[in-house]
Amino acid sequence: FFFSSRRRHTRFLPVSWARRCVQETGVTLYVSDGDTLTANCAGNKVTIRFYCVDAPEKKQLPWGEAAKNNLQRLLPVQSVISVRVVSKDLYGRTVGEVFDSQGQNINLRLVKEGSVNTYPSFCKEATYIQAARQAQLEQIGIWSQSGLHQTPWEYRKIKK
């Protein structure tokens, strides 16, 4: 599959390349930022990029750090997770929806809590878009103050 954004083309590999956590559980090892974590899935160390969301960059203080801290709160080290794999990105990360041990979609929860925005170049799912609109209306998390932290893809474009 190929998805494009204005600044570059990003190639997603078929799901068969990224099956390490599909139909299995994994255990979180650490959270890299607000939309990426590393897990142990069937004895393999797997980096998982959360599908459909984009978190403020770590350098976008305090928003990036807050997004990372929120994900760490939701999925502390050794949390049991499952992943619905969507694809694998060019950086070798598994792209997917992450669920906690109770079956809660963590990607969607991050959007609802205002920790992250949807990633318009890669997400056209109504559930996510509606959740982001609701968080924006309620002015929670990243929506409590305007700025580039609300659109991390624009921040990255400027910083390149």
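In what follows, the accompanying structure is described. Since the model is a prediction, treat every value here as computed from it, not as a measurement. (Residues numbered from 1 in each chain as written. Predicted model: local features only at pLDDT ≥ 70, side-chain atom pairs only at ≥ 80, totals over all residues. Heavy atoms only, no water.)

What to know about the state of the cysteines
A complete count under the given rule lists one disulfide for this structure. The partner cysteine of Cys52 in its disulfide is Cys123, sulfur to sulfur 1.6 Å. The chirality of the disulfide connecting Cys52 with Cys123 is right-handed, given an S-S dihedral of about 60°. Of this pair, Cys52 sits in the loop between β5 (44-50) and β6 (53-54) while Cys123 sits in the loop between β9 (117-118) and α3 (126-138); the two residues are 71 residues apart in sequence, bridging distant segments of the chain. (Disulfide = S-S within 2.5 Å. Helix = DSSP H or I, 4+ residues; strand = E, 2+ residues; numbered from the N terminus.)

Describing α3
For α3, built from 13 residues, the straight-helix expectation of 18 Å at 1.5 Å per residue is met to within 8% by its first-to-last C-alpha distance of 18 Å. Among all positions of α3, only Tyr128, Ala131, Ala132 and Ala135 are buried. The buried residues of α3 occupy an angular sector of 100° when the element is viewed end-on, so they sit on one face. In α3, the exposed residues that point more than 90 degrees away from the buried face are Gln130, Arg133 and Leu137. Contacts made by the buried residues of α3 are with β6, β8 (94-99), α2 (106-112) and β9. A positive backbone phi angle near 55° is found at Gln139, which sits one or two residues after α3. (Expected span 1.5 Å × (residues − 1). Buried < 20%, exposed > 50% of the residue type's maximum accessible area, 1.4 Å probe, protein only. Arc of directions from axis to C-beta. Contact = heavy atoms within 4.5 Å.)

So, the pattern of salt bridges
Inspection of every chain in the model, using the stated rule, returns nine salt bridges. A salt bridge links Arg156 to Asp54; the nearest nitrogen and oxygen atoms lie 2.7 Å apart. Here Arg156, found in helix α4 (residues 152-159), pairs with Asp54, found in strand β6; they are 102 residues apart in sequence, far enough to count as distant. An identical accessibility class is assigned to Arg156 and Asp54; each is buried. (Salt bridge = Lys/Arg side-chain N within 4 Å of Asp/Glu carboxyl O.)

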